[in-house]
Amino acid sequence: MTGLAPSSPPVRVLLVDDQALVRSGFRIILESEPDIEVVGEAETGVQAIALAASLTPDVICMDVEMPEMNGIDASRAILQAEGTLPAVLVLTTFGHDEYLFDALAAGVSGFLLKTSRAEQLIEAVRVVAAGGSLLGPEVTGAVLARVRNAEAPEATEVPAASASPDDTLESAMATAGLTPRERAVLLLLAEGRTNAEIAGELFLGEATVKTHVSNVLQKLEVRDRLQAVVWAHTRT
């Protein structure tokens, strides 16, 4: 996998999980990349708060269900502190909607299931470290359903004739000025694909995909990948 430029400092990661074997597995995966460094481990939410303050990591990989204090409460406490704050990436065995929305409300930048592939974890750490947001494809649907319900019109009248969802999205992408390649990238983003997966699907280099994603975000006037996914799905 392609990492950051050699001159860039590594992304400093704090691992938080009450299972030592899980932490060891994450450490092995992340430290296989030259641009990522694991700087500490915690097994409780209380320890996570203390280490976040003393180690000042760039990213915290946070479990949810732990003794003393759960990961969501710990994330909330960490992200409400003063000073430079880390990005929090929640990693959990459970995809319960309440965990997901509580975590997002607490201000976390990403949410992945522990069943995600190694490359998904690595890319998620890089994305949130760079200030972006990322949800695993398994949980993206829950967010989109919540957004759609929140934005659903109260009126019950249905137009006599309306464009198909595909036509609506295509029209919106054309209006936004997306090129054919950028449209293809957005559609794959909407499926929860990583940059590496998009690169493989479209036969592009990952650096090229990153450029296309950046262009998509700029043209759609959205902050991050998650907002781009919501943009696409609310126009279908």
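By convention here, each chain's residues receive numbers from 1 onward along its written sequence. Predicted model: local features are reported for residues with pLDDT of at least 70 only, side-chain atom pairs are reported and counted for 80 or more only, and whole-chain, interface and lining totals are derived from all residues. By convention in this description, side-chain values take in all heavy atoms of the structure and omit both hydrogens and water.

**Q** Explain the pairing of strand β4 (residues 87–92) to me, please; I cannot follow it from the model alone.
**A** Along any regular strand the residues' side chains alternate between the sheet's two faces. Using a 1.4 Å probe on the protein chains alone, a residue whose accessible area is under 20% of its type maximum counts as buried, one over 50% counts as exposed, and one in between counts as partly exposed. Secondary structure elements are defined from DSSP: runs of H or I of at least 4 residues count as helices, runs of E of at least 2 residues count as strands, and each element is numbered from the N terminus. Counting buried residues in β4 gives 6 out of 6 residues, a clear majority hidden from the surface. Burial along β4 is two-sided: the face carrying A87, L89 and L91 and the face carrying V88, V90 and T92 are both buried. Note: strand β3 (residues 59–62) against β4, 4 bridges, orientation parallel. Paired with C61 across the bridge in β4 is L89. Orienting the strands away from the viewer, one traces the path from the first strand over the helix to the second; a clockwise path indicates a right-handed crossover. Regarding the hand of the β-α-β motif, the stretch spanning β3, helix α3 (residues 71–79) and β4 is right-handed. With 4 bridges joining them, β4 and strand β5 (residues 110–113) adopt parallel strand pairing. In the sheet register, L89 faces β5, and the bridge partner there is G110. Strand pairing is defined by DSSP finding a minimum of two bridges between the two strands.

**Q** Help me understand unusual backbone geometry in this model?
**A** The phi torsion of most residues other than glycine is negative, and most of the peptide bonds are trans. Positive phi, close to 40°, is recorded for T56, a residue that is not glycine. Position of T56 among the secondary structure elements: in the loop between α2 (45–55) and β3. Here the phi dihedral of F203 falls at roughly 60°; this positive angle occurs in a residue that is not glycine. Relative to the helices and strands, F203 resides in the loop between α9 (195–202) and α10 (206–220).

**Q** I keep staring at the side chain of E33 and nothing clicks. Help me out?
**A** By secondary structure assignment, the location of E33 is in the loop between α1 (20–30) and β2 (36–42). Note on E33: relative accessible area 9%, which makes it buried. Any N or O atom pair separated by 3.5 Å or less is treated as a polar contact, with the protein-specific requirement of one donor-capable and one acceptor-capable atom, and with residues adjacent in sequence counted only for side-chain atom pairs. Within polar-contact distance, the side chain of E33 engages the side chain of R126 at 2.8 Å.

**Q** How should the sheet that holds β4 be read in this particular structure?
**A** To summarise the sheet geometry, strands pair through backbone hydrogen bonds and adopt either a parallel or an antiparallel arrangement. Within the open sheet, the 6 strands sit side by side as β2-β1-β3-β4-β5-β6. Their pairing is parallel. Either end of the sheet is taken by a strand with one partner, and the two such strands are β2 and β6 (134–135). The contact rule is simple, with two residues in contact once any of their heavy atoms fall within 4.5 Å. Axes here refer to lines fitted to C-alpha atoms; in helices the fit is confined to the stretch in contact. Angles between the N-to-C directions go from 0 to 180 degrees. Contacts from α1 reach β1 (11–16), β2, β3 and β4, with the element oriented near 170° to β2.

**Q** Quick question: what am I supposed to make of the confidence of the model for the protein here?
**A** For residues with low pLDDT, the predicted coordinates do not support detailed interpretation. In this model, the protein carries a mean pLDDT of 83, and residues with pLDDT of at least 70 account for 83%. The pLDDT value tells you how sure the predictor is about a given residue, anywhere from 0 up to 100. Note that pLDDT drops below 50 for residues 151–163; the model gives that stretch 2 contacts with residues more than four away or on any other chain.

**Q** I'm lost on the environment of L202 in this one. Help?
**A** With respect to the helices, strands and loops of the structure, L202 is situated in helix α9. A relative accessible area of 15% means that L202 is categorised as buried. Taking the C-alpha atoms as reference points, L202 and R181, separated by 21 residues in sequence, lie 8.8 Å from one another. If we ignore the near neighbours within four places in the chain, the residues touching L202 are R181, A184, V185 and L188.

**Q** How should α9 be read in this particular structure?
**A** Along an α-helix, residues three or four positions apart point the same way, because every turn accommodates 3.6 residues. Of all the positions in α9, only N195, I198, A199 and L202 are classed as buried. Looking straight down α9, one finds its buried side chains confined to an arc of 100°; they lie on one side. In the core, the buried residues of α9 are packed alongside α5 (118–129), α8 (180–190), α10 and α11 (225–233). F203 sits one or two residues past α9 and shows a positive phi near 60°. The directions considered for the arc run from the helix axis to the C-beta atoms.

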